[in-house]
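Single-letter residue listing:
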Amino acid sequence: MLSLGLIRGLIVGAIGAVIGMALTMAARVALGRPAWSADPVSFVGAISWIVFFLVGIGAFSDWWRWAQGEQAGDPHHPDPNAPQWKRYFSFDPSHKVIGIQYTVTALALMYVAGLLALIMRLELARSGLQFMSPNTYNTIMGLHGIVMIGAILLGVSGMANYLIPLMVGAPDMAFPRLNALSFWITVPGVVLIVLSFFTGGFDTGWTGYPPLGARAPLGILFFYLGVFAIGLSSILGSINFLTTTLKMRAPGMSLFRMPIFVWGMLATSIIQLVATQFIGMSFLMVVLERVLGMGFFDPAKGGDAVLFQHIFWFYSHPAVYIFILPGLGIISELLPVFVRKPLFGYKFVALSSMAIAIIGFLVWAHHMFTVGLGNVLNSTFMFTTVLVAVPTGIKFFNWLATMWEGKISFETPMLFVLGAFVIFLIGGLSGPPNGTVVTDFFLHETYWVVGHFHHTMFGGFVFPFMAAIYFWFPKVTGRMYNERLGKLHFWLMTIGFFMVTTSMFRIGLLGMRRRIADYDPALGFDTFQMIATMGGFLVGLSMLVFLVNIVRSIRAGERAPENPWRSRSLEWQISSPPPEFNYPTPPVVVGGPYDYGVPGSVYVRFGIAGASDADPARTSSDNGKS
Amino acid sequence: MPWSELGRVLIVSPHPLFREGIVRLLGDQAEVVGVVASLAEARSAIRKHRPQAIIVDHENVELEEADLAPLLWPELESVRIIYVTLAGNEMIIHDRQRVVAATEKDLLDALKGASYKRQSPKESLREAHPRPAQRAPEIPERGGIMRKLTVPLLITVVLSVPVALWFWRTDLTPELAAREGQPIDFLLRLEFAIAGVIFVLCMVFFFYSLVVFRRAPGDLEDGPPVHGSTPLEVAWTVIPAIIVIGLASYAAGILWDIMPTTGYKDELVVDVTGFQWGWRFEYPDLGITSSELVLPVNRPVLFRLYSVDVIHSFWIPELRIKMDNIPGIENHLRLTPTKVGEYKVRCAELCGTAHAYMLAPVKVVEQSAFEEWVKSQTAAAPAPPTGAAGVDAQAAERGRALAQQFGCLGCHSTDGTKLVGPTWKGLFGSTRTFQDGSTRVADEEYIRESILNPSAYVVEGFPDVMPKNFKDQLSEDQIRDLVEFIKTLQ
């Protein structure tokens, strides 16, 4: 049992938490205060839990050895006698192991958060309180939000971890140990978020605005710290993505020969690296209000409640681009394969991701049109906000042009790509009414916004994520998924989803407020709410079909052909699943990634003499052999 | 042509004759930065001289473009690599384009980056040697494209009109009751109509492609290798930018219209205080404090928004605009009700447990009715009911004012109506049944405790949502007054 890293982590982490809490209580007694005070004691306990969990799982072992001047063993070659599955529950630096760890955790969190959504939908199916107290509802709603956000961040990292080194022709990530740390730090974070439910919950929603957040039950402390841990993971992960993308590409792969998903992740990683600190800081400041009585956001102590929102949204708006840019990258990546045509306007599609990332930093206050910023600031942020539509539109038009005169086929991954197109289009078109200040005065905090947001998340992440899972399933497992179940999943999910969001849009325009457990029967929302609930359960059903498909196909799916999609991308030119270090002979990129239909064109060649000494990732070009 | 326009050129060939021939051919039209015999030499020459173009002797059939790839990394993306072979009389320009029967002019054109004649793939000499190949004609003649676009464009136009009209003419929002809401509703319709047309445009091309360009079973050919079109990219960057900036400019105009920074003449001032979980309305000029919002029709109102605890948001959906009540900040919102009727204030910012129930009644009335209401509020309070044993009439009257001021009546009715909390009518002296099944007679001590610690006794059938902070807000005397008031409600 103890040979399993996860078990060691849990045990050492729990011991660490107890020690941390005991020390805090001892210090309080020494200061002449009562030993127990929920917030400070829990705070130290939670931080110790995270640190000791990581110690227990072995996250710092190699660094510790190095610090002492010792050699660390090669972590890439674990004990050959140990069963393979143990790698997935241990601190393992292989990007493919980590990619699967992330993806499976993300899916597990999606199921949890989806279940929370179904509980909410049951409560909302009719007016009046059905079976929940308002506070339970509020907690479940906040948890649905934050667990989904965690699931999306982990899902993005899962795709990026598995795919980036393969797509750029690298043997692994630039910093494999840091990479494993980025994954494992999310685990104690997720545990803290789950713990928040059992420590009084929180009634603030996932935004945790103070002063409410400063007064909420103890649960919110665990919520804040759990998000903090996941945020740290996000920052560390982005360092790896950026370095790997910029420094470890195969020779010949100039920036404009990268697969477009890598472009999406490049833009995403920049946002993650630059912005994530802000949500961490905003949450930490509220934690300090609770633990040490500081008054950052408390007007009674000279603080400013609106300040929190500025700091919070400076991350949390760009965060939505963290969620969608990889997904839009997946759409751009898969479309040419199933259309059998080059991606139309490759450079424009690539650069539009960067444009979205940059403009995304300038729009945060559009979440705050009703806090009283004044006409000048409000209209400034309105202009920056609507500009996001331009690079987003570029993607859509290029996708349409890619499809034009292609040879389109409809395998499951393509269905999800097409579904993502329509859903994200509606997500995009429902945005400007929120982005223009005056209409937002009406729409803000209504179900219109909820509908808009779910369209962007399903179109920008969920559908592309599903497409990616089906598309690379043969690559990861060496087996094919079941096509009929895949299509059933798609149709159930799409129909269910539209039932949910169409109803949300409708009642939002009628004035249904967000984040309420109960609504006025006189407003006529009941029918639509019932439709939304039924749609929600259809989506849930579709995810069960997905689960059955994945589990069955891993165990007994047909052997996958080498390149089932006739893709040109690097990762499809090697065996499935790929060898430990990906490419037995170094790949050299000699053409464009999407030259489908170009006679005789070649994207990648293997085993070319002289390739490796010109590879700047391994030898610096100036100090090399020349 | 001066040499600077052709740029810096590097020549790679093992044959002196080839090298000198090319050098002489270029003459003073290009700056030859290096002449080398092998790839290994070429590498260092590239690093040293940064050529803009490399001319490679392609005679050696083993020399594949792939062999050159290591040279291209990383910053040489823009370098033009031109293979010239004397044997086949052809020329290949890095990775795709190929010119058969190349002439001196073709070479100079290629160096300049100018257009040159392309050959069709069938004329390719190199079936046996899969090499970076030429690209097929990318852009068909203009007439051809227009003909192909006719059908989807027609469908778009035909479908756009009803969709736009439907959005334009359908009432999707609640009844409108404020002057400031008119331009908002107008803009909303406009945005929906525009979005509808864009949606139709995209969906028509989307489904048209899915139907018309679907792959036939067994067809393993690829589609035409069209890589892009800069004019199209410019068009679909500029046109959407114009649309959204136009919309935003129009919206900014409306914003300044409906959110004036200076007051209206004759505006009615109402101080709106949000607290967990109710509303208090004070009319400072009239000396009225109320838990319901009564407004005269067609008179501008300045709402000054406050909060005593957490952030709330003051919103009457029929009046359209919402604005946050933030502790420590005074926000201003001006609205002009235009329609007599009864509405509700609905808190629009999550403010904790009972956020869903944070409502307050709104009555928009005729001017005369408003004056009457003002009179009734400011007139001496009616004599308290006498005869109830042990009731301090003056204290009860103070209690009634407190109940209004602190929003108690938002959740507790005085006439038996079931609101969020239990009614106060007949409360005193009755036997209460609680959630855990226990019972107790509601005496003075019970009421006092229920105000200070509402969770101590949660009446069956009601949620435990009452704010727990009244012990910080009310003095013992005030609580006694409230109890006296409740005692009168029999």
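Residues numbered from 1 in each chain as written. Chains lettered and ligands numbered in written order. Predicted model: local features only at pLDDT ≥ 70, side-chain atom pairs only at ≥ 80, totals over all residues.

**Some thoughts on the overall build of chain A**
Rule in force here: Helix and strand definitions follow DSSP, with helices as H or I runs of at least four residues and strands as E runs of at least two, each counted in order from the N terminus. Each radius of gyration is computed over the set of C-alpha atoms, and the globule rule expresses the reference value as 2.2 Å times the number of residues to the power 0.38. A residue is called partly exposed when the number of other C-beta atoms within 10 Å of its own lies between 12 and 20, exposed at 12 or fewer, and buried at 20 or more, with C-beta atoms placed from the backbone. Once C-beta atoms have been placed from the backbone, residue pairs whose C-beta atoms lie within 7 Å are recorded as contacts.
A count of helices and strands for chain A gives 19 helices and 2 strands. For 626 residues, the compact-globule formula gives about 25 Å, and the C-alpha radius of gyration of chain A, at 25 Å, lands near that figure. The principal-axis extent of the C-alpha atoms belonging to chain A is close to 70 × 60 × 50 Å. In chain A, which comprises 626 residues, the share counted as buried stands at 63%. Of all intrachain contacts in chain A linking residues separated by at least 6 positions in sequence, the fraction that spans at least 24 positions is 81%.

**A word on the interface of chain B and chain A**
Where the parts come together, the accessible area they lose is often given as the size of the interface. Counted only if it meets this: Any residue outside Ala, Val, Leu, Ile, Met, Phe, Trp, Tyr, Cys, Pro, Asp, Glu, Lys and Arg is labelled polar, Gly included; the first ten of those are nonpolar and the last four are charged.
With 92 residues of chain B at the contact, the number on the chain A side is 93 residues. Elements with a minimum of two residues in the side of chain B that touches chain A: α2 (39-49), α3 (65-72), α6 (181-212), α7 (230-258) and β13 (322-325) of chain B. At 15 residues, α7 of chain B tops the list of elements feeding residues into the side of chain B that touches chain A. Taken together, the residues of the side of chain B that touches chain A break down into 56 nonpolar, 13 polar and 23 charged.

**A short note on the packing of helix α4 (residues 95-124) of chain A against helix α5 (residues 134-168) of chain A**
Residue and element names in this part refer to chain A. Defined as follows: Angles run from 0 to 180 degrees between N-to-C directions of axes, and those axes are lines fitted to C-alpha atoms, restricted for helices to the stretch in contact. Orientation is classified from the angle alone, with under 35 degrees giving roughly parallel, over 145 giving roughly antiparallel, 65 to 115 giving roughly perpendicular, and any other angle giving oblique. Crossing handedness: left-handed means the near helix sits turned counterclockwise from the far one by under a right angle, and right-handed means the same turn made clockwise.
Two elements in contact, α4 and α5, have axes separated by 7 Å at closest approach and are oriented at 155°. Judged on the interaxial angle alone, α5 and α4 are roughly antiparallel. α4 and α5 meet at a crossing whose hand is left-handed.

**Section: the pairing of strand β16 (residues 359-365) of chain B**
Residues and elements named next belong to chain B. Operational definition: Two strands qualify as a pair provided DSSP detects at least 2 bridges between them.
Going residue by residue along β16, you find A360, V362 and V364 tucked away on one face and L359, P361, K363 and V365 left uncovered on the opposite face. Bridge count for strand β10 (residues 293-296) against β16 is 4 bridges, and the pairing is parallel. Along β16, the bridge assignment pairs L295 with V364. Sheet analysis places strand β15 (residues 341-346) next to β16, joined by 6 bridges and oriented antiparallel.

**Describing the environment of V211 of chain B**
As for its placement among the helices and strands, V211 of chain B is situated in helix α6. For the pair formed by V211 of chain B and Q377 of chain B, sequence separation is 166 residues and the distance between their alpha carbons is 70 Å.

**A few points about the sheet that holds β15 of chain B**
By way of backbone hydrogen bonds, the strands of a sheet pair with one another, either parallel or antiparallel. Residues and elements named next belong to chain B. Strand order in the open sheet formed by 3 strands is β10-β16-β15, with mixed pairing between adjacent strands. Across the chains shown, the open sheet's two edge strands, defined by having one partner strand only, are β10 and β15. Within this sheet the neighbouring strands show an average axis-to-axis angle of 25°, counted without direction. Contacting β10 and β16, helix α8 (residues 367-378) crosses the sheet at an angle of about 135° to β10.

**Points about the packing of helix α14 (residues 412-429) of chain A against α6 of chain B**
Remark: α14 of chain A packs on α6 of chain B, axes separated minimally by 10 Å, with the N-to-C direction vectors making an angle of 165°. Taken together, the axes of α14 of chain A and α6 of chain B are roughly antiparallel relative to one another. In this structure, α14 of chain A meets α6 of chain B at a crossing whose hand is right-handed. When α14 of chain A is examined against α6 of chain B, the residues F421, L425 and L429 of chain A are found in contact with a partner set consisting of A195, I198, F199, C202 and F206 of chain B. Tallied by class, residues from the contact of α14 of chain A with α6 of chain B come to 8 nonpolar, no polar and no charged.

**Remarks on the confidence of the model for chain B**
Residue and element names in this part refer to chain B. Our working rule: One confidence number per residue, pLDDT, is output by the predictor and ranges from 0 to 100.
For chain B, per-residue confidence averages 82 on the pLDDT scale, and 82% of positions sit at 70 or higher. Note on residues 115-141: pLDDT under 50 across the span, and 50 contacts to partners over four residues away in sequence or across chains. Here the predicted complex scores 0.82 on pTM and 0.92 on ipTM.

**So, the environment of L488 of chain A**
With respect to the helices and strands, L488 of chain A occurs in helix α18 (residues 483-510). Separated by 54 residues in the primary sequence, L488 of chain A and S542 of chain A place their C-alpha atoms 7.4 Å from one another.

**Looking at the nonpolar core**
Going by this rule: Note on terminology: a nonpolar core is a set of buried residues of type Ala, Val, Leu, Ile, Met, Phe, Trp, Tyr or Cys, with members joined through C-beta atoms within 7 Å.
Ranked by internal contacts, the top residues of the largest apolar core, which has 291 residues, are W184, Y224, L334, V417 and A467 of chain A. If one sorts the elements of this core by residue count, helix α10 (residues 305-339) of chain A sits on top with 22 residues. Excluding anything up to four places from it in sequence, W184 of chain A contacts L54, I57, A59 and F91 of chain A. If you look at the next biggest cluster of nonpolar residues, it comprises 26 residues, including V12, F18, I82 and M91 of chain B.

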